[in-house]
Amino acid sequence: MSKEIIPEASNHAAPLGDAPDAPNNVSAAPVHKGWRNPEVLLIVMAAAMPLSFSTWMALLNNFSVEMADFTGREIGILQSLREIPGFLAFTAIFVLLVLREQTFAVLSLLVLGIGVAISGYFPTAIGLYCTTVLMSIGFHYFETMQQALSLQWVRKDRTAMVMGRQLSAKSISSLIMFGMVWVMLEVFAVEYRYVYLFGGALTILAALFVWGAFPKFADAHPQNKKLILRKRYWLYYALTFMSGARRQIFTVFAGFLMVEKFGYDAATITLLYLLNHVINMFLAPKIGKMIGKWGERRALVFEYAGLFIVFVSYAFVENHILAGGLYVIDHLFFALAIAIKTYFQKIADPADISSTAGVSFTINHIAAVFIPAAFGLLWLISPGAVFLAGAAMAFVSLVLALNVPHDPEPGNEVIRGYKSTAMQPA
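By convention here, each chain's residues receive numbers from 1 onward along its written sequence. The predicted nature of this model means local features are confined to residues of pLDDT at least 70 and side-chain atom pairs, given and counted, to a pLDDT of 80 or more, with totals for whole chains, interfaces and linings taken over all residues. Only hydrogens and water are set aside; all other atoms, that is, all heavy atoms of the structure, feed into the side-chain values.

Looking at an unreviewed UniProt entry, the protein carries the name MFS transporter, with the source organism given as Thalassospira indica.

Asker: Quick question: what am I supposed to make of the overall build of the protein here?
Answerer: The secondary structure content of the protein amounts to 14 helices and two strands. Here the globule rule is a power law, 2.2 Å times the number of residues to the power 0.38, and the radius of gyration is based on C-alpha atoms. Radius of gyration (C-alpha) of the protein: 21 Å, near the 22 Å computed for a compact globule of 426 residues. The C-alpha extent of the protein, read off along each of the three principal axes, is 60 × 50 × 35 Å. A fraction of 85% describes how many contacts in the protein between residues 6 or more apart in sequence connect residues 24 or more apart. In the form shown here, the protein has an accessible surface area of approximately 16,800 Å², with 68% of it arising from carbon and sulfur atoms. With 30 positive and 26 negative side-chain charges, the protein shows a spacing of 7 Å between the two charge centroids. In DSSP terms, a helix is any run of H or I states spanning at least four residues, a strand is any run of E spanning at least two, and both are numbered starting from the N terminus. Two residues qualify as a contact provided that any one of their heavy atoms is within 4.5 Å of a heavy atom in the partner residue. A 1.4 Å probe and the Shrake-Rupley method give the accessible areas. Residues count as covered only by the protein chains that appear here. Counted as positive: Lys and Arg. Counted as negative: Asp and Glu, with His and the chain ends omitted from the count. To locate a charge, the coordinates of NZ of Lys, CZ of Arg, CG of Asp or CD of Glu are taken.

Asker: Explain the packing of helix α1 (residues 38–68) against helix α7 (residues 192–213) here, please?
Answerer: Packed helices, taken two at a time, are described by their axes: the angle between them and the distance between them. Packing of α1 against α7 leaves a shortest axis separation of 9 Å and a crossing angle of 165 degrees. Judged by the inter-axis angle, α1 sits roughly antiparallel to α7. Crossing handedness for the pair α1 and α7: left-handed. Amino acids outside the nonpolar list (Ala, Val, Leu, Ile, Met, Phe, Trp, Tyr, Cys, Pro) and the charged list (Asp, Glu, Lys, Arg) are all regarded as polar, and Gly is one of them. For the contact of α1 with α7, the per-class residue count stands at 18 nonpolar, six polar and one charged. Here the axes come from fitting lines to C-alpha atoms, over the contacting stretch only for helices, and the angles between their N-to-C directions go from 0 to 180 degrees. Any angle that falls under 35 degrees is termed roughly parallel, while one over 145 is termed roughly antiparallel, one within 65 to 115 roughly perpendicular, and all others oblique. Here is the rule for handedness: rotate from the far helix to the near one, and if that takes an anticlockwise turn smaller than a right angle the crossing is left-handed, while a clockwise turn gives right-handed.

Asker: What exactly am I supposed to notice about the environment of Y129 here?
Answerer: Along the chain, Y129 falls in helix α5 (residues 125–153). Here's how the labels work: a residue is buried when its accessible area is under 20% of the maximum for its type, exposed when over 50%, partly exposed in between, all with a 1.4 Å probe on protein chains only. A residue is classified by how much of its surface remains accessible, and Y129, at 13% relative accessible area, is buried. For the pair Y129 and E74, spaced 55 residues apart in sequence, the C-alpha to C-alpha distance is 9.4 Å. In this structure, Y129 is in contact with F70, E74, I77, L78 and L81, ignoring residues within four places of it in sequence.

Asker: So what exactly am I meant to see when it comes to the nonpolar core here?
Answerer: With 124 residues, the main nonpolar core has M45, W56, M258, Y314 and F387 as its most contacted residues. Ranked by residue count, the leading element in this core is helix α8 (residues 234–260), at 15 residues. The contact partners of M45, leaving out residues within four places of it in the chain, are A105, V106, L109, F142, Q146, L149 and V210. Put simply, a nonpolar core is a bunch of buried Ala, Val, Leu, Ile, Met, Phe, Trp, Tyr and Cys residues held in one set by side-chain atoms that sit within 4.5 Å of each other.

Asker: Would you mind showing me how to read empty space enclosed by the protein here?
Answerer: Rolling a probe over the atoms, with the probe sized like a water molecule, indicates the empty space that remains. Cavities and pockets are found on a 1 Å grid laid over the protein atoms alone: a cavity is a set of points where a 1.4 Å probe fits but cannot escape, a pocket is an open set with protein on both sides within 12 Å along at least five of seven lines, and a lining residue has an atom within 4 Å of such a point. Grid points are joined across faces, edges and corners, and a volume is the space filled by probe spheres set on the points. Scanning all chains against the criterion turns up three cavities of 30 Å³ or more. As for the largest cavity, its lining consists of 44 residues, of which F139, E143, K170, R247 and F334 are closest to the centre. Its residues assigned to classes, the lining of the largest cavity shows 18 nonpolar, 18 polar and eight charged. Of the pockets and cavities examined, the second largest cavity occupies roughly 60 Å³. As for the second largest cavity, its lining consists of M57, L60, N61, Q79, R82, T251, V252, G255, Y273 and Y327. Residue assignment for the lining of the second largest cavity shows that the elements contributing at least two residues are α1, α2 (72–87) and α8. A breakdown of the residues in the lining of the second largest cavity according to their chemical character gives five nonpolar, four polar and one charged.

Asker: Can you help me understand the confidence of the model for the protein in this one?
Answerer: When pLDDT is low, close inspection of the predicted coordinates is not appropriate. This prediction gives the protein a mean pLDDT of 86; 90% of its residues lie at or above 70. Counting interchain partners and residues more than four positions distant, the pLDDT-below-50 stretch residues 6–31 has 52 contacts. Note on scores: pLDDT gives the predictor's confidence for each residue, bounded by 0 and 100.

Asker: I would appreciate a short explanation of the packing of aromatic side chains in the present structure.
Answerer: Aromatic ring pairs are reported here in terms of the distance separating the ring centres and the angle at which the planes meet. Side-chain rings of Phe, Tyr and Trp (the six-membered ring for Trp) are treated as a pair once their centres are within 6.5 Å; stacked means planes under 30 degrees apart, edge-to-face means over 60, and tilted covers the remaining angles. Tallied over the entire structure, the rule returns 23 aromatic pairs. Arranged with centres 5.5 Å apart and planes meeting at 75 degrees, the rings of W153 and F217 form a pair that is edge-to-face. With W153 in helix α5 and F217 in strand β2 (residues 216–217), this residue pair connects regions lying 64 residues apart in the sequence. Each member of the pair, W153 together with F217, is buried. Through pairs of rings, three or more aromatic residues link up here, namely F253, F256, F311, Y314, W379 and F387. Here the basic side chain of K231 rests over the ring of Y418, its NZ or CZ set 4.5 Å away from the ring centre. Its end group placed over the ring of W294, R298 keeps NZ or CZ at 5.3 Å from the ring centre. We count a charge as sitting over a ring when the NZ of a lysine or the CZ of an arginine lies within 6 Å of the ring centre and within 35 degrees of the ring normal.

Okay, here's the thing in structure tokens:
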């Protein structure tokens, strides 16, 4: 059985000196040198996820239109179903009563890989709905655990940079997969089902590698094993909700716009994804450092002002090259969402991190459950109206971001509105 190790305080996690109730069978903060450490584990898992998820994203729009005769109505329903596991992410806290975060993260990777691997064998509406839900269960639980572990194991002054490195690892992995998907489709004319199978199998193999290669790391702080909603986190909840609503416009309808309005084929969509990830691979770590230097308030204001312009442009764009450019810029802004997570880390009780990770994913997906289906119907009337609604969401997010303090901490969670007494639980 793998030895359980507390992450090294000096390099990878918050200091452990005042962390009570450490497991009795764990030595006091042993120094764990070499590559088998928490930060490398987080990067490897971050890279494992896109091996299957990028395959799914690259093929979805064309597979659904060409093989299952999807319209905006069906794609909207599918995307709403995809977000239900995200809406139910708060249930992760109940799973953590029997599984540790690290174990749960690896099992979630396995489920994600299996869901993608079998997707190509069910080219019907019902088949795609079912495999999408299975894939999504693995994806959303993994993302919840990845966020919780990152905020627990990494020091506050390093979190934005480390999360930037994780985004870079995701982009490198996505870049490789999009390249392989393009080669399989364009050079070897591989059937969709075998491309799905290949991508899903890679994530399954990566999860098995992580399970066997890394020790089990203990948590730096004992975690609350119950659902928690704190009044002093209200601005974090609001930013998270708006982020989830706005994300649907990009995830669901921006890509669909490229296929339906501008006639992008699967290979061209894949090349567009490749460009996105080449840029992100180099810029994500720099964006993480920039957030650490600028602070969360300035980073979020910059993100939402830029997204407002992008969404308004989507509504009226008629040139396919300009539309592709907007898609690349839109994707780049998503790296700045790290600032929401680091803002929470700075204001949070460390014991709340795992519970709040699940709650925040649920809040993030409240709008995601109904927006794809509802906006799918709006799409049939006016695609431009969908993107103008996204611009309105970006504006609301901008107003909320202006309420983030320059130096957030317990007792200074917001500029205006409810805030807690410093260092006391809300």
